[in-house]
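A closer look at the structure
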Amino acid sequence: MTYVDGFVAAVPTANREKFCKHAEDAATVFKEYGALKVVECWGDDVPEGQVTSFSMAVQRKLDEAVIFSWIIWPSKEVRNEAMPKLMEDPRLKPDLNPMPFDGKRLIFGGFEIIVER
């Protein structure tokens, strides 16, 4: 069954081009290890909440945008087999492909698809 990894983070707006390059490079590697699709989205209409919101969740600063991303895998097993390899792949190491955002405010998780049309 298809499996999804989801991500939300705050990226400085000045780093948009760096983020796009980082995301393109990482997507290539994820696809090599079995990902079916990698989607990266730059916040365009992300309202501020009073109790919860994407901005609150990632502690977005005024000069940052929220990104929303996901990776679709053929199965959780393929994803689990790929993860240790991805973590060791030199192309994803910070010295070669630095994250243009604060990784401590990155929210991520794996999700089982329950409805797909």
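Side note on the pairing of strand 3 (residues 64-73)
Extensive coverage of strand 3 is indicated by the burial of seven of its ten residues. Taken together, the ten bridges between strand 1 (residues 3-12) and strand 3 define a ladder with antiparallel strand orientation. The residue of strand 3 that forms the bridge with Val11 is Ala65. With six bridges joining them, strand 2 (residues 37-42) and strand 3 adopt antiparallel strand pairing. Paired with Trp42 across the two strands is Ile67, which belongs to strand 3.

Here we look at unusual backbone geometry
Negative phi characterises most residues that are not glycine, and trans characterises most peptide bonds. Look at Gln59: it is not a glycine, yet its phi comes out positive at around 50 degrees. Relative to the helices and strands, Gln59 is located in the loop between helix 2 (54-57) and strand 3.

Analysis parameters
- Residues numbered from 1 in each chain as written.
- Predicted model: local features only at pLDDT ≥ 70, side-chain atom pairs only at ≥ 80, totals over all residues.
- Heavy atoms only, no water.
- Buried < 20%, exposed > 50% of the residue type's maximum accessible area, 1.4 Å probe, protein only.
- Helix = DSSP H or I, 4+ residues; strand = E, 2+ residues; numbered from the N terminus.
- Pairing = 2+ DSSP bridges.

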